[in-house]
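Chains, contacts and geometry: an overview
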Amino acid sequence: MHSVPVILSLTVLTVLLISPAHVIGWRPYPPKTNGSDQIFDASKKFEGSSNLVRLRYHMGPVLTNNITVHPIWYGTWQKSQKKIIREFINSFSAVGSKHPSVSGWWRTVQLYTDQTGSNITGTVRLGEEKNDRFYSHGKSLTRLSIQSVIKSAVTSRSRPLPVNPKSGLYLLLTADDVYVQDFCGQVCGFHYFTFPSIVGFTLPYAWVGNSAKFCPGVCAYPFAVPEFIPGLKPVKAPNGDVGVDGMISVIAHEIAELATNPLVNAWYAGPDPVAPVEIADLCEGIYGTGGGGSYTGQMLNDDRGATYNVNGIRRRYLIQWLWNHVVSYCTGPNKLD
């Protein structure tokens, strides 16, 4: 990733950060449509294809350098939960995973380029981690205090996370007893970049929360079902943890958008970077062939009856599809050569 091309004023940055529309996260359940598909043209051949989509490149940097993901575990986490997420991150660049695979899904992200024509990297690896098990900033976080948590992780006297603005990606994961501003009501996760005035560096980061106690029907769909879809039964989580399995798709969503729009000036649709529509937003609620509107699409079931759509190194996961700008529709995992 290149250096930040323009230094925005603190006033503008603050407005972007605290605005409810700020790189709004996503809610993985199908949107309400009032009986019709308001977002996508259902008559199109391909999932999510639409003449209304105008995804454009705004000349900003994308993550072309090899990506190192640094998880920050905020609050109380079980070893089994960490293992599910670690193995998912390690699956992005895994070789030899059974199709459909996480690495095949990442191939869609790799299609995006910067202004020099360089593609987003195919290498994503798990980096050093930081535990904040004592809730250093409390159990209720604002968007600004999230940046303070990241600052604590990179400036800690004991084993601080390395600072790498060009290829580091900082992933703040909050436990199921931590509430974050706008959680459940507006977002399940979001991404942005840290302010030098707070953290000391400009670092791409994402936050994703465990919704198991607060709103599983909102942020862990389809492993839990929202109240506005009566009669719909939840599907079985592939790793047996509704909250963490729900987080996996949000993590995938945010990492894909961080790679393609790390400083909110690269790939997005819409006229305003304050409320960009990014490559995962365009495919919200689509997990398989036939998806669109209020239908998730065709998914797979394992021999235990659990639902998934991609294979990782040793586990299976359910993650949403991504917007493929080359063909202008949502696509799932591509087979590796």
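Bear in mind the structure is a predicted one, so any value in this text is a computation, not a measurement.

From N to C terminus, the protein chain includes six helices and 16 strands. Within the protein chain, the fraction of its 337 residues that count as buried is 56%. The long-range share in the protein chain, meaning contacts at least 24 apart out of those at least 6 apart in sequence, stands at 76%. Accessible area of the protein chain: about 14,100 Å², with a carbon and sulfur share of 52%.

Another aspect to go through is the pattern of salt bridges. Applying the stated criterion across every chain yields a total of seven salt bridges. In this structure, arginine 143 engages aspartate 182 in a salt bridge whose closest nitrogen and oxygen atoms are separated by 3.1 Å. In this pair, arginine 143 sits in helix α4 (residues 143–155) while aspartate 182 sits in the loop between β7 (179–180) and β8 (189–193), placing the two residues 39 residues apart along the sequence. Accessibility assignment for this pair places arginine 143 and aspartate 182 in one class, buried.

Quick look at the pairing of strand β6 (residues 168–174) now. Counting buried residues along β6, seven of its seven residues qualify, which places the element largely inside the surrounding structure. Strand direction decides the pairing type here: strand β2 (residues 67–74) and β6, joined by seven bridges, are parallel. Of the residues in β6, the one forming a bridge with tyrosine 74 is threonine 174. Pairing geometry for β6 and strand β9 (residues 204–209), over five bridges, is parallel. Bridge pairing in β9 places leucine 172 opposite tryptophan 207.

With that settled, the discussion passes to the state of the cysteines. By definition, a disulfide links two cysteine residues through a covalent bond between their sulfur atoms. One pass over the full model with this rule turns up three disulfides. Sulfur-sulfur distance for the disulfide between cysteine 184 and cysteine 215 comes to 2.0 Å. Taking the torsion about the S-S bond as the criterion, the cysteine 184 to cysteine 215 disulfide, at about -75 degrees, is left-handed. Linking cysteine 184 in the loop between β7 and β8 with cysteine 215 in the loop between β9 and α5 (216–219), this pair joins segments that are 31 residues apart in sequence. A relative accessible area of 8% places cysteine 215 in the buried class.

To continue, consider the pairing of β8. Taken across its five residues, β8 has five buried, putting it largely inside the fold. Alternating positions in β8 separate into two faces, Gly189, His191 and Phe193 on one and Phe190 and Tyr192 on the other, with burial throughout.

Packing of helix α3 (residues 102–110) against helix α6 (residues 242–260) brings their axes to within 10 Å, and their N-to-C directions diverge by 30 degrees. By the angle between their axes, α3 is roughly parallel relative to α6. In this structure, α3 meets α6 at a crossing whose hand is right-handed. Within the contact between the two elements, α3 uses Trp105, Trp106 and Val109 and α6 uses Ala252, Ile255, Ala256, Ala259 and Thr260. In terms of residue class, the contact of α3 with α6 is built from seven nonpolar, one polar and no charged.

With that settled, consider the side chain of aspartate 302. Relative to the assigned elements, aspartate 302 resides in the loop between β11 (300–301) and β12 (307–308). Classification of aspartate 302 as buried rests on a relative accessible area of 10%. Of the polar contacts made by the side chain of aspartate 302, one reaches the backbone nitrogen of arginine 304; its length is 2.9 Å.

Here we come to the packing of aromatic side chains. According to the stated counting rule, one finds 17 aromatic pairs in the structure shown. Relative to phenylalanine 92, the ring of phenylalanine 88 lies with its centre 5.1 Å away and its plane at 75 degrees, an arrangement referred to as edge-to-face. Residue phenylalanine 92 is classed as buried on the basis of its relative accessible area of 1%. Taking 6.1 Å as the distance between ring centres and 45 degrees as the angle between the ring planes, the aromatic pair formed by tryptophan 105 and tryptophan 106 counts as tilted. With respect to class, tryptophan 105 is no different from tryptophan 106; both count as buried. The rings of Phe88, Phe92, Trp105, Trp106 and Tyr317 are connected pair by pair, giving a single aromatic cluster. One cation-aromatic arrangement involves lysine 139 over tyrosine 135; the distance from NZ or CZ to the ring centre is 4.7 Å. Taking NZ or CZ as reference, arginine 143 lies 4.3 Å from the ring centre of phenylalanine 190, over its face.

Time to look at unusual backbone geometry. Residue proline 100 follows histidine 99 across a cis peptide bond; omega there is -5 degrees. Within the element layout of this structure, proline 100 appears in the loop between α2 (79–90) and α3. Each neighbour pair has its own omega, and for tyrosine 221 with proline 222 the value is 5 degrees, a cis peptide bond. A positive phi angle, near 50 degrees, is found at arginine 159, a position not held by glycine. With respect to the element layout, arginine 159 can be found in the loop between α4 and β6. On the basis of relative accessible area, arginine 159 is assigned to the exposed category, the value being 72%. A positive phi angle is found at cysteine 184, which is not glycine, with a value near 75 degrees. A relative accessible area of 15% means that cysteine 184 is categorised as buried.

Calculation rules
- Residues numbered from 1 in each chain as written.
- Predicted model: local features only at pLDDT ≥ 70, side-chain atom pairs only at ≥ 80, totals over all residues.
- Heavy atoms only, no water.
- Helix = DSSP H or I, 4+ residues; strand = E, 2+ residues; numbered from the N terminus.
- Buried < 20%, exposed > 50% of the residue type's maximum accessible area, 1.4 Å probe, protein only.
- Contact = heavy atoms within 4.5 Å.
- Areas by Shrake-Rupley, 256 points an atom, 1.4 Å probe, with all protein chains shown as cover.
- Salt bridge = Lys/Arg side-chain N within 4 Å of Asp/Glu carboxyl O.
- Pairing = 2+ DSSP bridges.
- Disulfide = S-S within 2.5 Å.
- Axes fitted to C-alpha atoms, helices over the stretch in contact; angles between N-to-C directions.
- Parallel < 35°, antiparallel > 145°, perpendicular 65-115°, else oblique.
- Left-handed = near helix turned anticlockwise from the far one by under 90°.
- Nonpolar A, V, L, I, M, F, W, Y, C, P; charged D, E, K, R; others polar.
- Polar contact = N/O pair within 3.5 Å; in protein donor to acceptor, adjacent residues only side chain to side chain.
- Phe/Tyr/Trp six-rings, centres within 6.5 Å; stacked < 30°, edge-to-face > 60°.
- Lys NZ or Arg CZ within 6 Å of the ring centre and 35° of its normal.

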